[in-house]
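Tertiary structure, described
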Amino acid sequence: MENTEESPACEQGPTPPERGLLHIWQSAGPSEQLCPERVLLSRPVLQAALGEHHGVLLTQGGQVYSFGELLWRDLSIPVSAPLLEVSLLGKTVVRVAAGGFHCGALSEQGNIFMWGENTAGQCGLTDRGKVTNITVSEPCLVSVVDSEVVPPAVVRIMDLACGREHSLALSSQNELWAWGSGCQLGLVTNSFPVFRPQKVEHLAGRHVIQVACGAYHSLALVRSLPPQNFNTQNCPEKRERGQSPHYSVTEREELSTVDDAHYCPLGVELTEALTSETSPRRRGPRRRFQPGGRSAGSSPGSGSGSCPFSEDSKSTTKQKNLTVGASLEPDGLNADHLTQTDGSPKSHSLSGWRANKSSAFHDEMELQSLLQKLSGHSLETQHTTGPGDTDSLSSHTSDDSCVSSTPSVDLLTSSYESPIKSQTTNNSGVSGSCSSSPVCLEEVRLCLEAEKKELQGQKSSSLTNINQKANAAANRRRSLPGTPTYGSPRRRRPCGCRPSSAGRTQAAAPEEAGDGLPSLETEVWSWGRGSEGQLGHGDQLARLQPLCIKSLTGEEVIKVAAGSHHSLALSAQCQVYSWGSNMCGQLGHVNSPVTVPQQAKLSEGLRVWDVSAGQSHSLLIADGDCVQPILLYCGQHQEPMSTQSERSHQSQRSCQRSPNRAESYTVRPTLLPFCMEMGYISTVCSGGQSSAVLADQNIMGFISAIHELASRERHFYCWLSSMRKLLLGPLRNREGVCPSLGEPCTHLFFSLSESFVRLSALIGQHSTSLSYFLHIVQGRDVTSLPLLTHTEHFLDIYKEYCSALGNFQVMGGFKSLHKLSLECLGSQQTVLAQLCVSDQSVSGDVDLVSLLYWPLQQLHQYSRALLKLAACYDVLTIEYQSLHQACSQYESLSLSLLRRKKEAETTFLFWKTHSGKNTEVLRLPQRRVVCESSNRSLTLQNAGRFSNHWFILFNDALVHTQFSTHHIYPLTCLWVKPVTEDSSGHYAIKITCPEESFTLVASTPQEKNKWVRSLNQAVDQVLGGGGQGSSPGVAAMSRTASYTFTGEGRFKDAHYNGAWLAGRVHGRGTMKWPDGRTYTGNFKNGQEDGYGECIIPNKVLNKPDSYQGHWRDGKIHGFGKYKYASGEVYEGCFCDGQRHGYGMMSSGKQVRTSSSVFIGQWVQDRKTGYGVYDDITRGEKYMGLWLDDQRHGSAVVVTQYGVYYEGTFKENKMSGAGLLVSDDDTAFHGDFSDDWTINGKGVLSLANGDCLDGQFSGEWSTGLKVVGTYTKPAIEEPENKERNSLFRLGQYVVPAGERWGCVFNECWSRLGCDAPGRGERTTAWENIAVTITTSRRQSPNLSRSQSKVLECLEFIPQHEEPVTTANYDNIRRYLIKACETPLHPLGWLVETLVTVYRMTYVGVGSNRRLLRQAVQEVQAYLIHYYSIVRFLFPGLPDDGGIIPDPPASPTTSRRNSDTAEEGVVVVCCSSLLLPLLLPRLYPPLFTLYCLQEEQEEAQYWDRILRLNKQPDQSLLSFLGVQEKFWPLWMSILGEKKQIVSSSKDACFVSAVETLQQISTTFTPSDKLLVIQKTFEELTQEIKPLLDDDFLWCMDDLLPLFIYVVLRARIRNLGAEVSLIEDLMDPNVQFGEMGLMFTTLKACYIQIQHESTS
């Protein structure tokens, strides 16, 4: 209950009297006119904790006050003036706790401070070695350290609880830590006290939600583990079946065979030795617990340090010596009451049983004799016990504890079937359970005997094992059909209907983990002393380790509280379970046994939401009739009697089963009248004999609004739980559900139940969460209310429930359900009728429809509550806005669900009136009727006079019924258009569907408007719109929907899913045909258009063809990739479904006989035009013209053996004149008649220059027949120019400029031009932008750099303005980016040119005779490319033109005059485009250069290797370098060293290294720059040796440069030189760079011919 900064706007700093008011009083019940004392403090109290005789308060700001008997300081502080704990100032305490005689505080950082009595180590401050502090007078830090982790870590604590001699802390990891003394610590130790906090290992790994300490026992609320194999979906009927508190346990025992056999009741795991013993009698003495000595200075009545009970053979004695009903007094003083004077055990115990009104045995004597027989049967030799023979349970009664009259014989929860329970046990531990129903006594006896036999056969491995097995068996018997079940009605309480696990999330409670809502799937674990039954395990044994109280599992416990000797648990259904000492009526009931949890008797309509337990009383907060909470009290009405008189009183009644002291204590929780004056109570606290409450005043209605919301939600959850127990549970479990409801309705009923369970679970979590919120209503930000944080979840659950309910109603399920409920519930109809909130029907029957629809009204309550809360805040605050927004969301959903309810009712009535076989096919659960035309308000245009048309509009389809046939038009694919009134006066509506359109005619304009609006709204709703306020004709023209075509045509029987426009397929979608064809991609006006992927099955090859690419008008058109089933792949252009334009066809891997690739031009599916065909199998490559798939025209053929042919082809073979050159330079020029076959005139030139002229015939590879002249040239004979021209390469080659026109044409068409250079420039730029934008959208997995490049290219650059030196660079940069991505037309062009170039000149094509063609091809590329660039940037000059400077403004004119002298910018295609192309084409081109220069290169390299053997100085002198240029010093790592005669590679090092970089560059301009830098480096190194005004002359320079070239050792220098020469920019040829290049070339030639002598 902290004070929030976010409290309503107008109370930013609340004054003390408004919040956190503390009232405190001594508990003596409502009979004395108590006046609670009001404690006035300057700050609001956030929390109070009470000990036996003292208390601790926590106020806002984290200050702590103490009052009462502070024994550790010898002070007695009145509550009216509490004492401030000064040492805790500045620690920001967030929680306080009070034990019996010690206190604890928890800081914001999670640190614990303890003070008070420490005799048992409960303050945990001293080390084992030192003298123990008996008291700790000031709060001291207790560090909780987890030593299991490395390094040991301090544990952050979030909750604290204290008992008399122990303390427990809950960590932020939801683990439990304990220190102090006694078995209530739950630690695996027997040496007490424990001073250092230790982890409770038994709960390690479990999620502990809350913890509470009694005097000598502990309770923990633990989140249940998720069910392992308990699947709710599989067995819906099992989930709601339980009828007893033990149900959930038993059911799980039946489901899984594991039980608790390996735990003894003390919680200690049994060893093998113990397990193997069968007789518990022998086990007793071995398991002896030695009581530890009393510690000095214990508080009055505190137990000894160790687990304080002497248990020599308690368990065995009890089982050995008791007959049924004997009452064993736990108090040591009264052990003599156990036996009568004659020493025989008592067996008359029925007097106490009369309280259970359901005893149905007529003859009590008969029953008694049966029990005597049974006990006699089981105990052959009866022991008589005297006072000394029995072991005592020392209960260490302190000044507060009342003596328990609980009979310890009851080791079991009394189940609702058998309130009379005999616990006859012998050595083998038989326990029996008599049914209270009037069945034959013989049956009971047989049952017991059978069970005895069953149990005798098995080894007893645990003390409780037997009892649990018996209990399980009893439950199994109860679950058999046909067993009479007339137990006490009070006990026939079904278990809290565990909600289904579906839709549930595991979440913690107060700390709200998981999805932020508290978990209701909890368990209660208890441990410590059990002498009063306060552990709830059905016995009075102690437990050393935590043990789960099975009967509370599944009861949705949300809070536990522990009094001195009793325990309380609060469930989410506002029920209180109590167990333990009931001496003063603190349990709120008089049920027995008190050793197991029983429900407190609450008056009708009271819902408890907070509990606390003191020494011998309990205090509860409940919702009453009004919003303000009320206080309920359980306990004595007057001062307790002296202990002695209490005991004597007890001894008189010792034989009575359950005490009945109406005169001295409450039998049920009683209202404390003074609570109404306290304001809004938020927290209750008890301890010792005192009670305290914290309350708030209702300012501005904020507090009352929160309380009202919480109260309503709790009431709602109780209502839902009752519904589940009374109606849904029994109906679901009934076997006759399916036959009576019918197949569809049964399924719908189960899904309705499922959604009801989910709704119920959510409301349970929400009401619990609100209860927690109330405890600290000021500490919480109002925006953390689940209604705001989980809005979506709430709305979804309500929607789902409303749908399930409507579907069930529409299918007419309620009629059968009502009938079924009458059969099933019978007498409980009246109870069910009480749950009805609406008016009853005349007959008084329960109206199930309104009953199940009632939960929907809660949404309106939410919006009301949020509106009230919002009114407390300023309009501008975040709180107001979030409250207001949520309020409107809940209100609009409330209205929408009410509309849906109305729709379901209308539809149900519609089906009721139009029932019949014809219409039944149309009846679907989700289908709702919107309107229909049975009054002939709508008919078909041009319909015949006698035709009968009936139109029904559902929420998913328009149905046209004609006599007995139905046409169903799904609304997803239905377009509505009102037709404007024409002269004919028809009120027409045009309906368009994918395969047909028709016009409806309405009878009146109003009718027309009604139908148009209804149709549009229905369509809008189906498409996911709100359906509200749609004006006629607005329902989406374009939409996404699924449809299956039925009519004839291309799409017959195809199923389409995707976008539509006005009744036609349009946009992105997928079409699937029944034969396996699928198309995924874009559609336009009902046909495939745009990019798409298609799969076409090939039945012959049993593999599909697939195509990815562009379409137009339903045909493949544009660029794409087609994979044929045969394995062939075509990638290129299509036109009207045929290969047309540029394309590459590769035969697949499957075709083993021949493997080939064709790249070139196609016309109407055939190779026509220029193309390259690589026949990989034969090792031949054809580069030339084609016609109709045949080689035809000029061409070049090269083979893998180095043979080169150029000539003409006709009809696929060599024909006519041709030139053939073999690898060794033998050449033939003449006539060919077939491939490689010569026939006719020719000239053959041999490698040595000899010549043969004449008639040739035969095949080149097999041998030629020659009739002709052989000539050998004379030595001095001049060159025969005529003959040389015969053997000139390139005569029959397709000119470079005419090749690959198809590639450039495709690029032009991508720019939107019909022919090169013809087209709109703006269109071209728009096409580029559109292409790139769509590509970005279609390829989501682009890398960051790729998407950045595309982003830049989306912007259209300034292309219209004239190009100047200023913006020329921008164009260059744009082109570089464009070439980086194939999505840009220019980038695609570059990529494709690289592909065709590599296809031509790699592999077989790397033949040195192709070098000239390769160079010319590159130059042709540049010219074509430049024409496209000039089209896009018209400001560029012609090739070789000059770019002007930008027009000078006066300010820049001076600067421009300086730069003008530097030189002009000349644009030629090589300087602009070669850097883009050449790096990509470089490998194949350079390889050809290397092959061409092979022989010269060999000579050059030989010289290089030889000359480099010489040291520097001898090489310099050999080359004739003047001595003045010889360096004398060299620098190594900055250190100068002299060059001596033996030095090698020491001169001109930087120049040599620079020149070596020529091999790393691609373009001629880059290579020339390297040469220029080399000269500069050389000059730099020479300068220090000479005068400043030094100028080179060629005689000095050449030998020096030869030295640099030699030392640079560049491979393939000849190829580099040739490449530069061929491709360098003509503008540079005659300048300085040209001179430098000539020098390098001269060096190369000089080295080649250098004599090495």
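Presented here is an overview of the structure given in this document.

Considering all chains together, one arrives at 42 salt bridges under this definition. For the salt bridge of Asp539 with Arg543, the shortest nitrogen-to-oxygen distance reads 2.9 Å. The salt bridge partner of Arg1050 is Glu1088, with a shortest N-O separation of 2.7 Å. Within this pair, whereas Arg1050 is found in the loop between strand S40 (1038-1044) and strand S41 (1055-1061), its partner Glu1088 is found in strand S44 (residues 1087-1098), the two being separated by 38 residues in sequence. Several salt bridges share partner residues, and in doing so they unite Asp146, Glu148, Glu175 and Lys199 into one network.

Running from N to C, helix H27 (residues 1411-1432) and helix H29 (residues 1469-1492) point in directions that differ by 165 degrees, and their axes come no closer than 10 Å. Classified by the interaxial angle, the pair formed by H27 and H29 is roughly antiparallel. Read as a crossing pair, H27 and H29 show a hand that is right-handed. Where H27 approaches H29, its residues Leu1411, Ala1414, Val1415, Val1418, Tyr1421, Leu1422, Tyr1425, Tyr1426 and Val1429 are matched on the opposing element by Cys1469, Ser1470, Leu1472, Leu1473, Leu1474, Leu1477, Leu1481, Leu1485, Leu1488, Tyr1489 and Gln1492. Looking at the contact of H27 with H29 residue by residue, the classes come out as 18 nonpolar, 2 polar and no charged.

The next point concerns the pairing of strand S22 (residues 557-562). Among the 6 residues of S22, 6 are classified as buried, and the element is accordingly described as predominantly covered. Alignment of S22 against strand S23 (residues 566-571), held across 5 bridges, turns out to be antiparallel. Looking across to S23, one finds that Val557 is bridged to Ser571.

Each aromatic ring pair is described using two quantities: the centre-to-centre distance and the angle formed by the ring planes. Across all of its chains, the model carries 61 aromatic pairs by this definition. Aromatic pair Tyr862 and Tyr890: ring centres 5.5 Å apart, planes at 70 degrees, arrangement edge-to-face. With a gap of 28 residues between them, Tyr862 in helix H17 (residues 858-870) and Tyr890 in helix H18 (residues 878-913) connect regions that are remote in the sequence. The two residues Tyr862 and Tyr890 agree in class, both being buried. Aromatic pair Tyr1182 and Trp1186: ring centres 5.3 Å apart, planes at 80 degrees, arrangement edge-to-face. With a relative accessible area of 2%, Tyr1182 lands in the buried category. Residue class for Trp1186 comes out buried when judged on its relative accessible area of 7%. Over the ring of Trp1501 we find Arg1611; its NZ or CZ atom is 4.4 Å from the centre of that ring.

Analysis parameters
Residues numbered from 1 in each chain as written. Predicted model: local features only at pLDDT ≥ 70, side-chain atom pairs only at ≥ 80, totals over all residues. Heavy atoms only, no water. Salt bridge = Lys/Arg side-chain N within 4 Å of Asp/Glu carboxyl O. Helix = DSSP H or I, 4+ residues; strand = E, 2+ residues; numbered from the N terminus. Axes fitted to C-alpha atoms, helices over the stretch in contact; angles between N-to-C directions. Parallel < 35°, antiparallel > 145°, perpendicular 65-115°, else oblique. Left-handed = near helix turned anticlockwise from the far one by under 90°. Contact = heavy atoms within 4.5 Å. Nonpolar A, V, L, I, M, F, W, Y, C, P; charged D, E, K, R; others polar. Buried < 20%, exposed > 50% of the residue type's maximum accessible area, 1.4 Å probe, protein only. Pairing = 2+ DSSP bridges. Phe/Tyr/Trp six-rings, centres within 6.5 Å; stacked < 30°, edge-to-face > 60°. Lys NZ or Arg CZ within 6 Å of the ring centre and 35° of its normal.

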